[in-house]
Structure formats: structure tokens, C-alpha cells
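Chain and residue survey
One letter stands for each residue in the lines below.
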Amino acid sequence: GNAVYPSDPKQALMMTQKAFNSKQKPIEQALSGINYGVSLCLNARYREAVEILSNNDLRTDVITTISADNNLLLAQYFNGKFDAYKTLTGYTRLLKIIKKVDNSDAIIVKNNYLALCIVLEKKKNSQLEQSIVKSADNYHIFFYQINLLTEAFLQHDLARFEKIKN
């Protein structure tokens, strides 16, 4: 649903909810629950997303655990259940888990961790940044660059902002 209707979050929500509510094999049920949780977040329904993503049945292996926990942390943060510090602690835990895998969700976790470091004005991990740039495709590098632009903007560093932008 989220990939099929990227510009229509309400339609994506309907599709992912339908998939989640259907009876499926455990792994498919877990994946549809994670996607449904993302759809709820995209529709600013964070409380419901927290409820769905808190379900441990979504965590069938390390990959689904990373994906579910990443989205749960975002839902908890935007719902106000977690502040930025507690969310960063959650991402620090996830960084330890992603050392075991190298996939798209691992890069997303790294980007989200760096975004929180920027929000909290914490020192960023240059090794982590380099791992994003080295292993990521253009899609993930785009989000990394958005993080860098945000940081330059928040620091009122127009020269750096323009350099990153170009």
C-alpha cells in the first residue's frame, strides 16, 4: 500500500489495513502489521501505530524486529510518548542489532539516529555517516543529505547549507 500509493496516504492506509486484518502466515502477518503501522504514522495516527507496532508477533526475525522497532520509535516520538533523548536511546539499542545485518532498514536506522543527534545537538558519529555514504543507494543518500541540510539550517550555517545543496 505505501509503495503503491506513495502520494495518497489514505489509500495506502486502507490497503495496508486490509492486508493486516486478513489471515496470513506469520511472516506475512508481521510484514503487513509493520506496513500498516507505517501507514498509520503517515496519517498522523501515532497512538494507533504505537499499539500495532508494540505487538511482539511482528518480530519474527532480526529483519522484522529492526523494521518494527524503528517504526515504533518514530511513532512513540511523534505521539509524545518518548522525548528525543529516550528515542535516541532506543536507536542506540537498534544500532547494536543492525551490526548483524546490512540491509535497507539498517541504513534507515542509521539516518534516523543521525537525525536525532542533530535535533539534540549531539556529536554525530562520523563512522556511521561514512557507512551510510559507502553502502547506501541514492534514495538513502538523499535522506542523509536532508539531515545535513537540516543541521546546517539549524546552525545558521548558510555557506555549508548552500555547499550541501549544490
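So, a few notes on the structure that sits alongside this text.

Further remarks concern the pattern of salt bridges. As enumerated under the stated definition, the model contains five salt bridges in all. The shortest N-O distance in the salt bridge between Arg59 and Asp69 comes to 2.7 Å. With Arg59 in the loop between helix 3 (46-53) and helix 4 (62-79) and Asp69 in helix 4, the pair connects residues that are 10 residues apart, well separated along the chain. Taking relative accessible area as the criterion, Arg59 reaches 19% and is therefore assigned buried.

With that settled, consider the layout of surface pockets. As a volume, the largest pocket reaches approximately 1,000 Å³. What lines the largest pocket is a set of 35 residues, and nearest its centre among them are Asn70, Asn71, Leu74, Ile108 and Asn112. Put simply, the parts of the chain that give the lining of the largest pocket at least two residues each are helix 1 (9-21), helix 2 (26-42), helix 4, helix 5 (84-98), helix 6 (104-119) and helix 8 (138-154). Residue classes in the lining of the largest pocket are distributed as 20 nonpolar, 15 polar and no charged.

Moving on to the nonpolar core. Ranked by internal contacts, the top residues of the largest apolar core, which has 23 residues, are Tyr91, Ile98, Val109 and Tyr113. If you list the elements that add at least two residues to this core, you get helix 4, helix 5, helix 6, helix 7 (126-135) and helix 8. Of all hydrophobic cores here, the second largest spans 14 residues; its members include Leu13, Tyr36, Val50 and Ile52.

Parameters at a glance
Residues numbered from 1 in each chain as written. Predicted model: local features only at pLDDT ≥ 70, side-chain atom pairs only at ≥ 80, totals over all residues. Heavy atoms only, no water. Salt bridge = Lys/Arg side-chain N within 4 Å of Asp/Glu carboxyl O. Helix = DSSP H or I, 4+ residues; strand = E, 2+ residues; numbered from the N terminus. Buried < 20%, exposed > 50% of the residue type's maximum accessible area, 1.4 Å probe, protein only. 1 Å grid on protein atoms, 1.4 Å probe; cavity = no way out; pocket = protein on both sides within 12 Å on 5 of 7 lines; lining within 4 Å. Points joined across faces, edges and corners; volume = space filled by probe spheres on them. Nonpolar A, V, L, I, M, F, W, Y, C, P; charged D, E, K, R; others polar. Core = buried A, V, L, I, M, F, W, Y, C linked by side-chain atoms within 4.5 Å.

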